[in-house]
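# Coordinate inspection notes
Here is what each chain is made of, one letter per residue.
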Amino acid sequence: EFSNEIYDYFSPDNIYEKQLVEIMLSNLLAYRRICLKETESFNKALTKDDSDWLSLDTSYEIKFQKDMMDESLKFQRYKTSAFSLMTKAQHELERHQREQKEDS
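From a predicted model like this one, the values you see are computed outputs, not experimental measurements.

## Brief notes about helix α2 (residues 15–46)
- With 32 residues, α2 should reach 46 Å at 1.5 Å per residue; the first-to-last C-alpha distance of 46 Å fits that figure.
- Inspection of α2 places E17, L20, V21, M24, L25, N27, A30, I34, E38 and F42 among the buried residues, and these make up the whole buried set.
- Between the side-chain oxygen at the start of α2 and the backbone nitrogen of Y16 there is a gap of 3.1 Å, and the oxygen is on N14.

Dropping the structure here:
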């Protein structure tokens, strides 16, 4: 259903435009999966039952915060990459469709 809505919105007319829509869809779906995995990862880390968490040792808390920051940055890089690729394909599709209209 999601894919059909995207195809309907962009209405690709030829194989090149269809390929650009496929690139957008692939990266949109990747972006959604990354967001879901990110949420799952953080929820798992925050609900982890670990007796060290209850200790007075602050080195564990510092390590936890560093690990969470590293994990957050990793997911941000993945999301940025997927979004960038999707946006580039969208801009190329819009440019191509605009040129097709001008040539008509």
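On we go from here.
## Examining the confidence of the model for the chain
- Looking at the chain, pLDDT values average 88 and 89% of them are 70 or higher.
- No element of the chain has a lower mean pLDDT than helix α3 (residues 58–103), which averages 90, and none a higher one than helix α1 (residues 2–10), which averages 94.

## Overview of the packing of α1 against α2
- α2 packs onto α1 with a crossing angle of 140° between their chain directions and a minimal axis gap of 10 Å. In terms of orientation, α1 and α2 fall into the oblique class. Like other packed secondary-structure pairs, α1 and α2 cross with a definite hand, here right-handed. Across the interface between the two elements, F2, S3, I6, Y7 and F10 of α1 pack against K18, V21, E22, M24, L25, L28, L29 and R32 of α2.
- Class assignment for the residues of the contact of α1 with α2 results in nine nonpolar, one polar and three charged.

Conventions we followed
- Residues numbered from 1 in each chain as written.
- Predicted model: local features only at pLDDT ≥ 70, side-chain atom pairs only at ≥ 80, totals over all residues.
- Heavy atoms only, no water.
- Helix = DSSP H or I, 4+ residues; strand = E, 2+ residues; numbered from the N terminus.
- Expected span 1.5 Å × (residues − 1).
- Buried < 20%, exposed > 50% of the residue type's maximum accessible area, 1.4 Å probe, protein only.
- Polar contact = N/O pair within 3.5 Å; in protein donor to acceptor, adjacent residues only side chain to side chain.
- pLDDT = per-residue confidence, 0-100.
- Axes fitted to C-alpha atoms, helices over the stretch in contact; angles between N-to-C directions.
- Parallel < 35°, antiparallel > 145°, perpendicular 65-115°, else oblique.
- Left-handed = near helix turned anticlockwise from the far one by under 90°.
- Contact = heavy atoms within 4.5 Å.
- Nonpolar A, V, L, I, M, F, W, Y, C, P; charged D, E, K, R; others polar.

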